[in-house]
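This is what each chain is made of:
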Amino acid sequence: MSKSNQQSSRGECVKVVVRCRPQNRAETAASLRSIVSVVTSLKQIDVEDPRIPSGADRKTFSFDSVYDVESSQHQVYHGSVSDVVASVLHGYNGTIFAYGQTGTGKTYTMEGGVDEASKGIIPQSFAQIYTHIEEQSHEVQFLVRVSFLEVYNEEVRDLLSKDSKRALEVREHRSTGVYIKGLTAIIVKSAKELEKVLEVGKKNRSIGATLMNQDSSRSHSIFTITVEMLEGVTKESSGHTRVGKLNLVDLAGSERQSRTQASGERLKEATRINMALSALGNVISALVDNRTGHIPYRDSKLTRLLQDSLGGNTKTVMIANIGPAETDYEETMSTLRYANRAKNIRNLPRINEDPKARVPQSNIRNNAAFCSRVSG
Ligand SMILES: Nc1ncnc2c1ncn2[C@@H]1O[C@H](COP(=O)(O)OP(=O)(O)OP(=O)(O)O)[C@@H](O)[C@H]1O
């Protein structure tokens, strides 16, 4: 057996990377001390306990990659994400998800800003996908579909639907796994169209101001790009398809309610967010400890939707976002411990190939009204 076959039969671990954002204005104004050191050459993060003077008690964690306050969006993408997107273009499933305390840069990392240098992972992946497609010969035909959902207060909502507040059902198919009944899938033909779809969906996302972040995402969002590739079509053969699926996940932030002083709707949201994140933590623990064999995927919508990305047929990268300030010590340690456990999750990614099928365009719900909005 070749080395690569041995590796694929044993699977591969979830890749875990950590990114520390720069101090924000409030932290600088309050002259807060930075307690996080990012040692890029050793792929380590050192955290000082601010309660112990002189930095005597430092905790060190190692990851697949670490990114400091100076790291650019481009460096994060090319260092930790572009390989997974390249695999999706060969027919693998890939998931990139951002995890961390509220206000630590998950949305910045995933979506980023408008100018070229501040574009996050999602728009950078659009460019990679379409550059690849344009480079291929006409013997390979591509069909790219996209969907965008959020999990808000334990309800799954379609961010690309006119009725984006309606709750959709999570279902499971014996062979294809978990899916959302009635979720809009839009066919896109260029990186520009993908960007327009992202913008439309973002406007429908549930966002609110908390004490810790003015534009806090109050939901978990999943942007999914499915790439079908049809090749080998000749007079004698109808060819075969490969299907790669890329999930780009921006989780809502974990937060201590005592710090956010939330009440009413914000408190309800925060409670649901924390519940889903602890369900995710329980899934990670069960996968790593593997004592009972039971993995509690069904405890939340989020864990059901991420089932294939954690312990399944997917190449997964977890980006743990942290802040540098001494006041965030507890949250930073909790994120790093969470991330440290996730390193031990094994997945079994394989190419999704069908020797008989053709690109099934007729099966795809192409929302004509939406498409004209997107391309108009
Ligand atoms: N690496 C970075 N460089 C520059 N600014 C950053 C960086 N990371 C985050 N920021 C800024 O910090 C603020 C909070 O970031 P962001 O909204 O992405 O956090 P979040 O983790 O998504 O929060 P929430 O969980 O509340 O949605 C934003 O103003 C963002 O632009």
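Think of each chain on its own: its residues are numbered from 1, step by step along the sequence as written. Local features are withheld for residues below a pLDDT of 70 in this predicted model, meaning they are given only at 70 or higher, and side-chain atom pairs are given and counted only at 80 or more; totals for whole chains, interfaces and linings count all residues. For side-chain calculations, the full set of non-hydrogen atoms in the structure is used, while hydrogens and water are omitted.

### Focus: the nonpolar core
And step 1. With 49 residues, the main nonpolar core has Ile-45, Phe-63, Leu-280 and Met-318 as its most contacted residues.
And step 2. Broken down by element, the residue count for this core peaks at eight residues, all from helix H9 (residues 264–289).
And step 3. For Leu-280, the contacting residues outside a window of four places in its chain are Phe-97, Leu-251, Leu-302, Thr-303, Leu-306, Leu-310 and Tyr-338.
And step 4. Note on terminology: a nonpolar core comprises buried Ala, Val, Leu, Ile, Met, Phe, Trp, Tyr and Cys residues joined through side-chain atoms within 4.5 Å. Relative accessibility under 20% of the residue-type maximum defines a buried residue, over 50% an exposed one, and the middle range a partly exposed one, all with a 1.4 Å probe and only protein chains included. Within the second largest apolar cluster, 37 residues are counted, among which are Tyr-130, Val-144, Val-146 and Leu-246. By the criteria applied, helices consist of DSSP H or I runs no shorter than four residues and strands consist of E runs no shorter than two, each listed in order from the N terminus. By definition in these notes, contact holds between two residues if any of their heavy atoms fall within 4.5 Å.

### Description of the environment of Asp-49
And step 1. Inspection of the secondary structure assignment puts Asp-49 in the loop between strand S4 (44–48) and strand S5 (58–62).
And step 2. A distance of 2.9 Å separates a polar atom in the side chain of Asp-49 from a polar atom in the side chain of Arg-51. Polar contacts, as used here, are pairs of N or O atoms within 3.5 Å; protein pairs need one atom able to donate a hydrogen and one able to accept it. Residues neighboring in sequence count only if both atoms are side-chain atoms.

### Focus: the packing of aromatic side chains
And step 1. Pairing of aromatic rings covers Phe, Tyr and Trp, the last through its six-membered ring, and needs centres within 6.5 Å; plane angles under 30 degrees mean stacked, over 60 mean edge-to-face, and all others mean tilted. Per the stated rule, a full pass over the model turns up four aromatic pairs.
And step 2. Geometrically, the ring pair formed by Phe-61 and Phe-63 is stacked, given 6.4 Å between the ring centres and 20° between the ring planes. For the residue pair Phe-61 and Phe-63, the accessibility class agrees, reading buried in each case.
And step 3. Centroid distance Phe-148 to Phe-223: 4.9 Å. Interplanar angle 70°. Geometry classified as edge-to-face. With a gap of 75 residues between them, Phe-148 in strand S8 (residues 141–152) and Phe-223 in strand S16 (residues 220–233) connect regions that are remote in the sequence. Judged on exposure class, the residue Phe-148 and its partner Phe-223 are both buried.
And step 4. Taken together through their ring pairs, the aromatic side chains of Phe-126, Phe-148 and Phe-223 make up a single cluster.

### Notes on the UniProt feature "binding site: ATP" (unreviewed entry) in the chain
And step 1. UniProt positions are given in the numbering used here, feature names are shortened, and annotations may be inferred rather than shown by experiment. The positions UniProt marks with the feature "binding site: ATP" (unreviewed entry) are Gly-100, Gln-101, Thr-102, Gly-103, Thr-104, Gly-105, Lys-106 and Thr-107.
And step 2. Among the secondary structure elements, Thr-102 is positioned in the loop between strand S7 (93–100) and helix H5 (106–110).
And step 3. You can call Thr-102 buried: its relative accessible area is 4%.
And step 4. By the element assignment, Gly-103 lies in the loop between S7 and H5.

### What to know about the side chain of Thr-95
And step 1. Tracing the sequence through the fold places Thr-95 in strand S7.
And step 2. Classification of Thr-95 as buried rests on a relative accessible area of 0%.
And step 3. Discounting residues that sit within four places of it in the chain, Thr-95 has contacts with Val-84, Asn-247, Val-249, Ser-309, Thr-314, Lys-315, Thr-316 and Val-317.

### Focus: the site of the ligand
And step 1. For each residue, the test is whether any non-hydrogen atom lies within 4 Å of the molecule or strand; if one does, the residue is near. Around the ligand, the surrounding shell holds 15 residues, and the nearest of these are Thr-102, Lys-106, Tyr-108, Ser-216 and Ser-217.
And step 2. One of the backbone nitrogen or oxygen atoms of Gly-103 is found 2.8 Å away from an oxygen atom of the ligand.
And step 3. The separation between an oxygen atom of the ligand and a polar side-chain atom of Lys-106 is 2.7 Å.
And step 4. Values of accessible area rely on a 1.4 Å probe in the Shrake-Rupley scheme; residue burial ignores everything except the protein chains shown. The protein chains hide 75% of the 630 Å² of surface that the ligand would expose on its own.
And step 5. Among the elements of the structure, H5 and strand S15 (213–217) are those that each provide at least two residues to the shell around the ligand.
And step 6. A class-by-class count of the residues in the shell around the ligand yields two nonpolar, ten polar and three charged. Gly is put with the polar residues, along with every residue not named as nonpolar or charged; the nonpolar set is Ala, Val, Leu, Ile, Met, Phe, Trp, Tyr, Cys and Pro, and the charged set is Asp, Glu, Lys and Arg.

### Things to note about H9
And step 1. In this model, H9 (26 residues) spans 37 Å end to end at C-alpha, consistent with the 38 Å of a helix rising 1.5 Å per residue.
And step 2. Asn-290 occupies a position one or two residues after H9 and carries a positive phi of about 50°. To estimate how far a helix should reach, multiply one less than its number of residues by 1.5 Å.

### Looking at the side chain of Asp-158
And step 1. Tracing the backbone shows Asp-158 in strand S9 (residues 155–158).
And step 2. Looking at Asp-158, its side chain comes within polar contact range of the side chain of Thr-184, at 2.7 Å.
And step 3. Ignoring any residue separated from it by four or fewer positions in sequence, one finds Asp-158 in contact with Phe-148, Ser-164, Arg-166, Leu-168, Gly-182, Leu-183 and Thr-184.

### Points about the sheet that holds strand S3 (residues 36–39)
And step 1. A pair of strands counts as paired when DSSP detects no fewer than two bridges linking them. As summarised here, the arrangement of the three strands in space is S3-S4-S5, forming an open sheet in which the pairing is antiparallel. The open sheet is flanked by S3 and S5, the only strands paired with a single partner. Each strand of the sheet is rotated relative to its neighbour by a mean of 20°, with strand direction disregarded.
And step 2. By the bridge criterion, four bridges tie S3 to S4 in an arrangement that is antiparallel. Paired with Val-38 across the strands is Ile-45, a residue of S4. To define axes, lines are fitted to C-alpha atoms, for helices over the stretch in contact only, and angles between the resulting N-to-C directions are given on a 0 to 180 degree scale.

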